[in-house]
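What follows is each chain in one-letter form.
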Amino acid sequence: MALINIDGDPWLTDLDACERLSNEIQSQLAARKRENTLSREYGVISGTVRVRLKQLGTELEQLNRKLGLLTNSLTAAETERRQRKIESLQSKLIQLQRQFNSPGADRDALFQMSNARTDEDDDPALIPSQSSYSVADLRAQQTRILEDQNEGLDALSKVIARQKQLATRIGGEVDLHNEILDDLADTIETTHSGTDRETRQIATITTESSTWGYWTVIGLLFVGIIIVGIL
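Just so you know, these numbers come straight off a predicted model, no measurement behind them. (Residues numbered from 1 in each chain as written. Predicted model: local features only at pLDDT ≥ 70, side-chain atom pairs only at ≥ 80, totals over all residues. Heavy atoms only, no water.)

### Considerations on the packing of helix H1 (residues 10-33) against helix H2 (residues 40-70)
In helix packing, the relevant descriptors are the interaxial angle and the interaxial distance, both defined with respect to the helix axes. Basically, it comes down to this: Helix axes are fitted only over the stretch in contact, all axes being lines through C-alpha atoms; the angle between N-to-C directions runs from 0 to 180 degrees. Here a helix means four or more residues in a row that DSSP labels H or I, a strand means two or more in a row labelled E, and each is numbered from the N terminus. Our angle categories are set so that under 35 degrees counts as roughly parallel, over 145 as roughly antiparallel, 65 to 115 as roughly perpendicular, and the remainder as oblique. Here a crossing is called left-handed whenever its near helix is offset anticlockwise from the far helix by less than a right angle, and right-handed whenever the offset is clockwise. Side-chain classes are defined by residue name, with Ala, Val, Leu, Ile, Met, Phe, Trp, Tyr, Cys and Pro counting as nonpolar, Asp, Glu, Lys and Arg as charged, and the others, Gly among them, as polar.
Direction vectors running N to C along H1 and H2 enclose 160°, while the axes themselves pass 9 Å from each other. One finds that H1 runs roughly antiparallel with respect to H2. Crossing of H1 against H2: the hand is left-handed. Partitioned by chemical class, the residues of the contact of H1 with H2 number 16 nonpolar, 5 polar and 6 charged.

### Concerning the side chain of Ser-46
Filter applied, for reference: Two N or O atoms form a polar contact when they lie within 3.5 Å of each other; inside protein one atom must be a possible hydrogen donor and the other a possible acceptor, and for residues adjacent in sequence the pair counts only when both atoms belong to side chains. By the convention used here, residues are in contact when the closest approach between their heavy atoms is within 4.5 Å.
As for its position among the elements, Ser-46 is in helix H2. Within the structure, Ser-46 has its side chain in polar contact with the side chain of Arg-32 (distance 3.1 Å). Discounting residues that sit within four places of it in the chain, Ser-46 has contacts with Arg-32 and Phe-100.

### Points about the environment of Gln-142
With respect to the secondary-structure elements, Gln-142 resides in helix H5 (residues 135-230). Gln-142 sits 41 residues away from Asn-101 along the chain, and the two C-alpha atoms are 9.6 Å apart.

### What about the pattern of salt bridges?
Note the following rule: One side-chain nitrogen of Lys or Arg within 4 Å of one carboxyl oxygen of Asp or Glu is enough to make a salt bridge. Categorising residues by exposure relies on relative accessible area from a 1.4 Å probe, with only protein chains included: less than 20% of the type maximum marks a residue as buried, more than 50% marks it as exposed, and the intermediate range marks it as partly exposed.
In this structure the tally under the stated criterion is 8 salt bridges. For Arg-82, the salt bridge identified is with Asp-9, shortest N-O distance 2.8 Å. One end of the pair, Arg-82, is in helix H3 (residues 76-101); the other, Asp-9, is in the segment before H1, and 73 residues separate them in sequence. Taking relative accessible area as the criterion, Arg-82 reaches 4% and is therefore assigned buried. In this structure, a network of salt bridges that share partners links the residues Asp-9, Glu-78, Arg-81 and Arg-82.

Below is the structure:
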C-alpha cells in the first residue's frame with residue numbers, strides 16, 4: 001500500500017525522491033538498450049546509470065537510518081509499512097543493478113576479444129577499428145561489472161538479514177500473544193466455574209426458602225381450622 005504524504009513528512013518526501021530516481025534509472029536502462037553497445041551514447045548512458053545506481057543505494061541507506069531515528073514517534077504498524085517500502089526499493093535497486101550488469105552485447109564483445117587475444121594483444125592496433133574502447137577500458141569495465149555485482153549481492157544479503165530479523169520479531173510477538181490468550185482462557189474458565197458454583201448455591205437457598213414458606217402457610221391454615229372448630 002502506498003504511503004501518502006499528507007503532513008509534509010520529510011521522510012516521505014525522501015522516499016518519493018528515491019522512487020523517482022529508481023524510475024529514471026529504469027528509463028535510462030531502456031534507452032541504453034536501444035543503443036549500439038560500442039557507440040558513444042551507450043557509454044555515456046552507462047556512466048550516468050552507474051552514478052545514479054550508487055546514488056540510489058546511498059539514499060536508501062540514509063532513508064533506513066532516518067527511519068531508525070523515527071521509530072519511537074511511529075506506531076509499530078507504520079514502522080513496518082515504511083520498512084517494507086524501503087525493502088521494496090532495495091529489491092528494485094538489485095534488479096536495476098542486474099539489468100545494468102546483465103550479459104549483453106558489450107559483455108559478449110569482452111569475451112570475444114578475450115578469446116581472440118594473443119600475447120601481443122595489448123597492442124592497441126589489435127583492437128577492432130569499429131570499437132571506441134581500448135584494452136584498458138575493457139578491463140576496467142569488466143572490473144566495474146564485477147564490483148557492481150558484488151554490491152548487488154551485499155545489498156541482497158542485507159535485505160534477507162532484515163527480513164529474517166522481522167520474522168524472528170513477529171514470531172516472538174505471536175508467542176507472547178498466545179501466552180496472553182492462554183492466561184485469559186484459564187481466567188475465563190476459573191470465573192465460569194465460580195459462577196456455576198454460586199448459581200447452584202443460590203438455587204439451593206431459593207428452594208429451601210420456598211419450602212419453608214409452604215410449611216408456614218400449611219401451619220397457619222391448620223391453626224385456623226382448629227380455631228374455627230372450637231368456635
